[in-house]
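Chain by chain, the residues:
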Amino acid sequence: MDTTNATNPALPAQDTEERRIRELVARSQEAQTDPDVLPALHTSDLVLINLAGRRVFGREAFAAAMTAALASPLRDVRTTLEVDDIRFVRPDVAIVSLTKTVHDERPDAQGPSDFPARGAMTYVLTRDEGDAWHIALAQTTPIA
């Protein structure tokens, strides 16, 4: 994995920023069942496209969709994330490539899950003036 960008010395200290981004990814995975915490890790004007292709615009819409999903059998579908690559577009913008693994633990699931087992996920992160990274775009493409 190449997460360096030696051609632009103006970019932030790579090790520190990569560590902070990995911490954000870990927090997003840990908060996947907490509709109070996970949306706060995103920008207010977030765009999210989930594994099923549903597109959600904005943090408030995401929080509402998440709350509805957690009140359904989808509460038993969890995911894990693995960071594959981090690229800094600018000091305050990063593109994170991830592999999402789906764990369908719905008790009523009969036979194979209707969810793909894996997805290629992309986060576009922005760093605010308070120096915190937030997810501005989250997009997942199913891996056949």
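Residues numbered from 1 in each chain as written. Predicted model: local features only at pLDDT ≥ 70, side-chain atom pairs only at ≥ 80, totals over all residues. Heavy atoms only, no water.

Draft legend 1. Structural view of the packing of aromatic side chains. Taken as a whole, this structure holds one aromatic pair when the rule is applied. Summarising the aromatic geometry, the rings of Phe88 and Trp133 are spaced 6.2 Å apart at their centres and angled 55° between planes, so their arrangement reads as tilted. In this pair, Phe88 is assigned in strand β3 (residues 77-90) and Trp133 in strand β6 (residues 133-143), connecting sequence segments 45 residues apart. (Phe/Tyr/Trp six-rings, centres within 6.5 Å; stacked < 30°, edge-to-face > 60°. Helix = DSSP H or I, 4+ residues; strand = E, 2+ residues; numbered from the N terminus.)

Draft legend 2. Molecular detail of the nonpolar core. With 24 residues, the main nonpolar core has Ile21, Val96, Leu98, Tyr123 and Leu125 as its most contacted residues. Elements with a contribution of two residues or more to this core: α1 (14-30), β1 (42-49), α2 (59-70), β3, β4 (93-104), β5 (118-127) and β6. Among all residues touching Leu98, those that are not within four sequence positions of it are Val25, Leu81, Glu82, Val83, Asp84, Gly119, Ala120, Met121 and Tyr123. (Core = buried A, V, L, I, M, F, W, Y, C linked by side-chain atoms within 4.5 Å. Buried < 20%, exposed > 50% of the residue type's maximum accessible area, 1.4 Å probe, protein only. Contact = heavy atoms within 4.5 Å.)

Draft legend 3. A look at the pairing of β4. The pairing of β3 with β4 spans twelve bridges and is antiparallel. Across the sheet, residue Thr79 finds its bridge partner in β4, namely Val102. Here β4 runs beside β5; their pairing, made up of nine bridges, is antiparallel. Among the inter-strand pairings, Ile95 is bridged to a residue of β5, identified as Val124. (Pairing = 2+ DSSP bridges.)

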